[in-house]
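In case you want the letters, here they are:
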Amino acid sequence: MDTGPQAYGAGKVGGEFNVQNFVRKPHVFVRLLSLLFGLIVYFCASSGSWTTDVKTNEEVCMFKLKSFGCHIGGVVGFTSVIGAAVFVGGEYYFENVPSVKSRKHYVLIDLGFSCLWSFWNFLLFIYLADAWGNTPDFPDSISTANPTTAIYFALFATFSWGTSAYFSYQRYNMGVDPAFISSFEADQFGAYDETQNNSNNECPFNNQMSGEYQTQAY
């Protein structure tokens, strides 16, 4: 773990990338869980919760026999997958972003999206649970595992996205260590200033004036 100067929970640019350490980071691990939960909700709700109505011989959604439950579950689950994947990629680049403003913007976007999608997953859980409670019983030959799985994992996704929001809020409260800016400026401009000063202090005519003057023969 980086114990040096930090900006929004990350140290200076240039550290070595390690896959195991990357996956073990709380931010990354929780987002991978959100990605997994989103996949389960998406597949269980959008494709696994449809059955054939015996009376009409038409395919119907098992949530209250209305298609809205399957469609909204698929949308929320799919968006959770995309959002979690994007933020996992963002975590990879986060420590390589030298701009403090860019890091702040990333943390705020992360915080806002995580809060929003925790809220949407909670609403999805409430709706699916209520719809499933008002759904007529199906014959024993029809499996009801997918609808109940979608309900449970929508609740799990609520907590995972809420945890991501909590971690982002912690990052935002950390702010910027003044030593981070000082060390960053030293790394970026220290070597440049030193070479520039050396080249500026060096007289361009030293080599010419150090030799003896020779007259030209005409």
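Residues numbered from 1 in each chain as written. Predicted model: local features only at pLDDT ≥ 70, side-chain atom pairs only at ≥ 80, totals over all residues. Heavy atoms only, no water.

**Student:** Any details on the overall build of the protein? Residues and values, ideally.
**Tutor:** Of regular secondary structure, the protein possesses seven helices and two strands. Along the chain direction, N to C, the helices and strands of the protein fall in the order α-α-β-β-α-α-α-α-α. Considering the protein as a whole, with its 218 residues, one finds that 33% of them fall into the buried category. Residue pairs at least 24 apart in sequence account for 77% of intrachain contacts in the protein once pairs closer than 6 positions are excluded. Accessible area of the protein: about 13,900 Å², with a carbon and sulfur share of 59%. (Helix = DSSP H or I, 4+ residues; strand = E, 2+ residues; numbered from the N terminus. Buried < 20%, exposed > 50% of the residue type's maximum accessible area, 1.4 Å probe, protein only. Contact = heavy atoms within 4.5 Å. Areas by Shrake-Rupley, 256 points an atom, 1.4 Å probe, with all protein chains shown as cover.)

**Student:** Break down the environment of Val-86 for me, with residues and values.
**Tutor:** Positionally, Val-86 belongs in helix H3 (residues 67-94). Under the relative-accessibility criterion, Val-86 is labelled exposed at 54%. C-alpha separation for the pair Val-86 and Arg-31, spaced 55 residues apart in sequence, amounts to 9.6 Å.

**Student:** Describe in detail unusual backbone geometry, supporting the description with residues and values.
**Tutor:** For Lys-64, which is not glycine, the phi torsion reads 60 degrees and is therefore positive. With respect to the secondary-structure elements, Lys-64 resides in the loop between strand E2 (59-61) and H3. The phi dihedral of Leu-65 is positive, around 60 degrees, even though this residue is not glycine. Counting through the fold element by element, Leu-65 comes out in the loop between E2 and H3. Judged by relative accessible area, Leu-65 falls into the partly exposed class, the value being 41%.

**Student:** Quick rundown of the pattern of salt bridges? Include the residues and the values.
**Tutor:** By the definition in use, this model includes three salt bridges. Note that Arg-31 is salt-bridged to Glu-91, the shortest N-O span being 3.1 Å. With Arg-31 in helix H2 (residues 26-46) and Glu-91 in helix H3, this pair connects stretches of sequence that are 60 residues apart. Its relative accessible area of 0% is what places Arg-31 among the buried residues. Put simply, Asp-110 and Arg-31 hold a salt bridge, and the shortest N to O gap is 2.1 Å. Of this pair, Asp-110 sits in helix H4 (residues 100-133) while Arg-31 sits in helix H2, and the two are 79 residues apart along the sequence. (Salt bridge = Lys/Arg side-chain N within 4 Å of Asp/Glu carboxyl O.)

**Student:** Residue-level account of the nonpolar core, with values.
**Tutor:** Counting 21 residues, the largest nonpolar core has Phe-63, Leu-124, Leu-128 and Ala-150 as the members making the most contacts within it. Broken down by secondary-structure element, the contributors of at least two residues to this core are H2, H3, H4 and helix H5 (145-174). Per-element tally for this core: the top contributor is H5, with six residues. When residues no more than four places from it in sequence are discounted, the contact partners of Ala-150 are Val-41, Cys-44, Ala-45, Phe-63 and Leu-128. (Core = buried A, V, L, I, M, F, W, Y, C linked by side-chain atoms within 4.5 Å.)

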